[in-house]
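Structural characterization, general
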Amino acid sequence: MPTATYIQAINLALKEEMRRDPDVFVMGEDVAALGGAFKATDGILEEFGPARILDTPISEALIVGAGVGAAVQGLRPVVEMQFMDFAACGFDQIVNMAATARYRHGGALDVPLVIRGPSGGGVHGALFHSQDPEAWFTRVPGLKVVAPSTAADARGLLKAAIRDDDPVIFLEHKRLYRSVKEELPEEQEPEPLGRARLARAGSDISIVTYGGTVPLCLEAADRLAAEGVETEVVDLRTLLPLDRDAVRRTVAKTGKLLVVHEDRQTGGLGGEIVAWTVEHCWDLLDAPPQRVTALDCHTPFAPALEAYVLPGTDEIADAARRLAAY
Amino acid sequence: MRSFTSRVDRDLKLYHWMKLTREFEDRVSRLHAQNRILGGVYSGRGQEAVAVGCCADLEPADVIFPLHRDLGAMLVKGVDPGRLMAQLLGKETGLSRGKDSFLHGGDPAHGVFGGTSMLGATLPVACGTALAMKLRRDPHVAVAFFGEGASSRGDVHEAMNFAAVHALPVVFVCENNRYAYSTPQALQMAIEDVADRAAAYGMKGMVSGGNDLGAVLETMARAVRRAREGLGPTLVELKTYRYRGHSEHDPARYRGEEELIQWTSRDPIPRWETYLALRGHDVEKVRGETESEVAQLVDDALAFAEASPDPEPQEALEDLYATPLDVAPSAVPAGSEAAASYPP
Ligand SMILES: Cc1ncc(C[n+]2csc(CCOP(=O)(O)OP(=O)(O)O)c2C)c(N)n1
């Protein structure tokens, strides 16, 4: 297989799952004839016909709700939010309808629904096309939340999400869509949800991260390596359920934890990871765990403002350096 | 269609279901007054013809999306009365195994999807179920109930618009009982008939008396037939009235006695008795027999529910996911054996 971008990997996973299972179908705004705002669903209409991919009105509550209704009827819908920011318009259907369906039916229902779409900033999308909404969802039992950072993971994890019997929020960082390019294998099995990936091995400090900040952390790790500091980078990949064991393993190795995410700090996932580490891995720690995140602010438009608010490689490298020297 | 052996059989079953619904709901109201039911109780007393008439002729694989006053619809759809009562009592044998209250538990085996509290939120879901039926050429229909109050929500608009665009096999049933909690219809909308909105979606709208079982059956038959024949969705509005307060805590002082008397005089049950009498039944006899039958059924349901165990506390963490997640690590209590051995 030639190289594929992150978005091509998503497109590939969708088509592969649609070929494998006639119950998989796609629904969203401008997904069919246009192939999606970012072309995630390009070519699906041509290959599978209009019974497998549906353009919907601009109705996010409907898109998610109808996804639930089709899922409980035995289909495996993959619904697109044109931008994940708009999930806010379908929020009730996600957190109250989809997430509780199995629970309130006493376990008698499966909800094999994937809600996917672009999230994240750094592309001057401004307030409503840049948000990192993961923490809206990571505290909702009944949901799973996935945020891949490589093309191979985007493909493998999306396959697993489609085959999963619970609702999955699948966050695709839009800055990675075309900046990430990899060689992909001809055939690829689903990548199990809930397991972190060791993105880089190291022995001095650990960075735990996911999604859009993974490439930045790897870049920072390269810089530190030149200075003699060996950084381990753990890519969480799935945010709910969280691979706490992977966090514990890397902390056991280095004793120093830096959590990095593009989402804002307060109420972000980093707080949970640090709290859990302090509660459960205290004896393994050689330094107070640190966080590098966006500022507690909206993601603004003007490049100078956006760069100021979002975490960048320099800040990650600085924090890592300080932690290594602690 | 559902197999009734004859018209007589159907006429009597319909009567039985309305009487069962009323007996069941009245018992639930009493249990609530006696503090034997936790949580909110929303009585559909007076609206039995809607609940029964809309579901009587549905097939087992047709899926209904009942609202909080549609206990009768669930009974007609075949939900076991004992499990339903256990649901209201929060028992292990209830539809949601104690997870949620009142009518939020569904029964997929009988084509009943349990809603959330969010009014109108099941309409988009019903569209998805109808879409799945259409895509699979499955000849069944989805029936979604909502109140005239809920009709003000955006979900309702999104659902109706989508259903009409794709000619989905769905029937939207608006149970217009004139009040949304305390708010009269006139403060909810500036129109008299919610069904007027159907035209704006390019959908068929029908209005009918909701206390007239015959009219409900006839209207629903037309709407369901259209859905099954691929002619798309219908918005059916049934005019009715709730006798009791919004919930059992609500004395409903916001409405006049005159209104209540007027509507009580149009009660659906005596009306159906008149029909049965015209069909030559001995109504006194039928009533007597039916009342002892339904009282027995409700007694049995209550006995089953009360004898059922409460869920075990740790079952709170069950039914969250298809494959249970290990939620324990973040919840290891300090000093426990697990905490002592952690990290391993
Ligand atoms: C979205 C939402 N807002 C508010 C409520 C609180 N609430 C519960 S029932 C009700 C009135 C419902 O009126 P209607 O839809 O006409 O149905 P009815 O109770 O009359 O059958 C309200 C406001 C709710 N459950 N959901």
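Every value quoted in this text rests on a predicted model; they were computed, and no experiment measured them. (Residues numbered from 1 in each chain as written. Chains lettered and ligands numbered in written order. Predicted model: local features only at pLDDT ≥ 70, side-chain atom pairs only at ≥ 80, totals over all residues. Heavy atoms only, no water.)

Below, the discussion takes up the overall build of chain B. The secondary structure content of chain B amounts to 13 helices and seven strands. Taking 20 Å as the expected radius of gyration for a compact globule of 344 residues, we find that chain B reaches 21 Å, a close match to that expectation. Principal-axis analysis of the C-alpha atoms gives chain B an extent of 75 × 50 × 45 Å. Considering only residue pairs separated by 6 or more positions, chain B has 73% of its internal contacts joining residues 24 or more positions apart. As displayed, chain B offers around 14,300 Å² of accessible surface, 53% of which is attributable to carbon and sulfur atoms. (Helix = DSSP H or I, 4+ residues; strand = E, 2+ residues; numbered from the N terminus. Rg over C-alpha atoms; globule rule 2.2 N^0.38 Å. Contact = heavy atoms within 4.5 Å. Areas by Shrake-Rupley, 256 points an atom, 1.4 Å probe, with all protein chains shown as cover.)

Moving on, we come to helix H4 (residues 81-88) of chain B. All names here are of chain B. Burial of H4 is extensive: seven of the eight residues sit out of reach of the surface. For H4, the secondary structure elements touched by its buried residues are helix H1 (7-33), helix H3 (71-76) and helix H12 (283-307). Directly after H4, the chain includes glycine 90, whose backbone phi takes a positive value near 70°. (Buried < 20%, exposed > 50% of the residue type's maximum accessible area, 1.4 Å probe, protein only.)

This paragraph deals with helix H9 (residues 214-226) of chain A. All names here are of chain A. Taking 1.5 Å of rise per residue, 13 residues should cover 18 Å, and H9 covers 19 Å from first to last C-alpha, within 8% of that figure. Those residues of H9 lying buried are Val214, Leu216, Cys217, Ala220, Ala221 and Leu224. Viewed along the axis of H9, the buried residues span an arc of 155°, placing them on a single side of the element. With its phi angle positive at about 90°, glycine 228 sits one or two positions after the end of H9. (Expected span 1.5 Å × (residues − 1). Arc of directions from axis to C-beta.)

Residues and elements named next belong to chain B. Spatial ordering of the open sheet is given by E1-E2-E3-E7-E6, a layout of five strands whose pairing is parallel. The open sheet has two free edges, formed respectively by strand E1 (63-65) and strand E6 (204-209), since each of these has just one partner strand. When the angles between neighbouring strand axes are averaged without regard to direction, this sheet yields 20°. In the sheet, strand E3 (residues 170-176) pairs with strand E7 (residues 234-239) via six bridges, with the strands oriented parallel. Note that in E7 the partner of valine 173 across the bridge is valine 236. Along the sheet, helix H9 (residues 213-228) contacts strand E2 (142-147), E3, E6 and E7; its crossing angle with E6, the most-contacted strand, is approximately 165°. (Pairing = 2+ DSSP bridges. Axes fitted to C-alpha atoms, helices over the stretch in contact; angles between N-to-C directions.)

Tracing the sequence through the fold places A:Thr138 in the loop between helix H6 (134-137) and strand E6 (144-146). Discounting residues that sit within four places of it in the chain, A:Thr138 has contacts with A:Val145, A:Leu239, A:Leu240 and A:Leu269.

Quick look at the domain arrangement of chain B now. All names here are of chain B. Assigned domains within chain B: domain 1 (7-311) and domain 2 (313-344). Across the domain 1/domain 2 interface, buried area totals approximately 390 Å², and carbon plus sulfur atoms make up 32% of it. Three residues stand out in domain 1 for area buried against domain 2, namely Arg97, Lys99 and Pro311, and they jointly supply 91% of the buried area on that side. Connecting domain 1 to domain 2 are four salt bridges. For the interface between domain 1 and domain 2, the tally reads four residue pairs in polar contact (both at pLDDT 80 or more). Its residues placed into classes, the side of domain 1 that touches domain 2 shows one nonpolar, no polar and three charged. (Domains from an automatic or database assignment. Buried area = accessible area lost by both parts, 1.4 Å probe. Salt bridge = Lys/Arg side-chain N within 4 Å of Asp/Glu carboxyl O. Polar contact = N/O pair within 3.5 Å; in protein donor to acceptor, adjacent residues only side chain to side chain. Nonpolar A, V, L, I, M, F, W, Y, C, P; charged D, E, K, R; others polar.)

The next subject is the pairing of E6(B). Residue and element names in this part refer to chain B. When E6 meets E7, the two strands line up parallel, connected through six bridges. Following the sheet pairing, valine 207 is matched in E7 by glutamate 237. Once you follow E6 into H9 and on to E7, the crossover reads as right-handed. (Right-handed = clockwise from strand over helix to strand, strands pointing away.)

Another aspect to go through is the packing of H1(B) against helix H11 (residues 268-278) of chain B. Residue and element names in this part refer to chain B. Axis separation between H1 and H11 bottoms out at 10 Å; the angle between their running directions is 160°. Classified by the angle their axes make, H1 and H11 are roughly antiparallel. When the axes of H1 and H11 are compared, the crossing they make is left-handed. Here Arg7, Asp11, Leu12, Leu14, Tyr15, Met18, Lys19 and Arg22 of H1 lie close against H11, whose contacting residues are Pro268, Ile269, Trp272, Glu273, Tyr275 and Leu276. Of the residues that constitute the contact of H1 with H11, the class distribution is nine nonpolar, no polar and five charged. (Parallel < 35°, antiparallel > 145°, perpendicular 65-115°, else oblique. Left-handed = near helix turned anticlockwise from the far one by under 90°.)

Turning our eyes to something else, we now look at the pairing of E7(B). Across the six residues that make up E7(B), a large majority, six, are buried. Here E7(B) shows two buried faces, one formed by B:Thr234, B:Val236 and B:Leu238 and the other by B:Leu235, B:Glu237 and B:Lys239.

Following the criterion strictly, the structure yields 52 salt bridges over all chains and no others. A salt bridge links A:Arg200 to A:Asp222, with the nearest nitrogen and oxygen atoms 2.7 Å apart. Here A:Arg200 is found in strand E9 (residues 197-200), whereas its partner A:Asp222 is found in helix H9, with 22 residues between them in sequence. B:Lys239 is the partner of B:Glu237 in a salt bridge, and the nearest nitrogen-oxygen pair spans 3.0 Å. The pair formed by B:Glu237 and B:Lys239 is uniform in burial state, with each residue classed as buried. Each of B:Glu92, B:Arg97, B:Lys99, B:Glu315, B:Glu318 and B:Asp319 takes part in a single network of salt bridges with overlapping partners.

Take the site of the ligand next. Residue and element names in this part refer to chain B. Close contacts around the ligand come from 16 residues, with His68, Arg69, Ser117, Gly149 and Tyr179 the closest. A distance of 3.1 Å is found between an oxygen atom of the ligand and a side-chain nitrogen or oxygen belonging to glutamate 148. One of the backbone N or O atoms of alanine 150 is found 2.9 Å from an oxygen atom in the ligand. The protein chains hide 72% of the 580 Å² of surface that the ligand would expose on its own. (Near = heavy atom within 4 Å.)

Attention now goes to the interface of chain B and chain A. Facing the 50 residues of chain B at the interface are 48 residues of chain A. In this structure, the connection of chain B to chain A is made through one salt bridge. With its nearest N and O atoms 3.1 Å apart, the salt bridge here joins B:Arg136 to A:Asp23. Residue assignment for the side of chain B that touches chain A shows that the elements contributing at least two residues are helix H5 (122-135) and helix H6 (154-165) of chain B. Grouping the constituent residues of the side of chain B that touches chain A by class yields 26 nonpolar, 14 polar and 10 charged.

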